[in-house]
Amino acid sequence: MFQFTKDDVMYVIELGVMMLLGLVVLFMVIRPLVRRILAAEVIPELAHEDVPALTDGSATGQNLIPGANATAQMIDVAQVQGQVHAQSVHRVGELAERNPNETASIVRQWLSEPAN
């Protein structure tokens, strides 16, 4: 009844390795992702509360809470970067409209270059 063949032992070993890999993925990938998602949901909830800004009392008025304005600053930086990118794309579009022959030749050169 309890006579295991070589195939049975290998099957049990395969199941053990797969279970071990599953646990590694769970703890090294899934858990940090869930923590990051939950932390992202907590920050907007704090932003809606009427919490006075804690400053250090100096003339600069630096926040003692490090993440209080970090999200707003990141949004501002992203908006500025987006505006710069949009302006760059607009300038390239204008250059292409002014010089259609040169634009076509540049695109042809790009298409004829071998892929690396």
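Within each chain, residue numbers correspond to sequence positions counted from 1 in written order. Restriction of local features to residues with pLDDT of at least 70 applies here, the model being predicted, together with a cutoff of 80 or more for giving and counting side-chain atom pairs; totals for whole chains, interfaces and linings are based on all residues. Here the side-chain values reflect all heavy atoms present in the structure, with hydrogen atoms and water set aside.

## A few points about the overall build of the protein
Test applied: Each helix is a run of DSSP H or I of at least 4 residues and each strand a run of E of at least 2, with the numbering of both proceeding from the N terminus. Buried means the residue's accessible area, taken with a 1.4 Å probe over protein chains only, is under 20% of the maximum for its type, while exposed means over 50%, and partly exposed covers the values in between.
The helix and strand tally for the protein stands at three helices and zero strands. Sequence-ordered secondary structure for the protein, helices as α and strands as β, is α-α-α. Counting over 116 residues, the protein shows a buried share of 0%.

## Section: the pattern of salt bridges
Basically, it comes down to this: Put simply, a salt bridge is a Lys or Arg side-chain nitrogen that is within 4 Å of an Asp or Glu carboxyl oxygen.
Overall, the coordinates contain one salt bridge when judged by the stated rule. Ionic pairing is found between R98 and E94, a salt bridge with its closest N-O pair at 3.6 Å. Placement of both R98 and E94 in helix α2 (residues 70-98) is noted, with a separation of four residues, approximately one turn of the helix. Given a relative accessible area of 58%, R98 falls into the exposed group. Classification of E94 as partly exposed rests on a relative accessible area of 30%.

## Some words on the confidence of the model for the protein
Condition: Confidence scores labelled pLDDT are given residue by residue by the predictor and lie between 0 and 100.
Of all residues in the protein, 74% have pLDDT values of 70 or greater, and the mean over the chain is 79. Summarising per-element confidence for the protein, the mean pLDDT is lowest in helix α1 (residues 6-48) (84) and highest in helix α3 (residues 100-112) (87).

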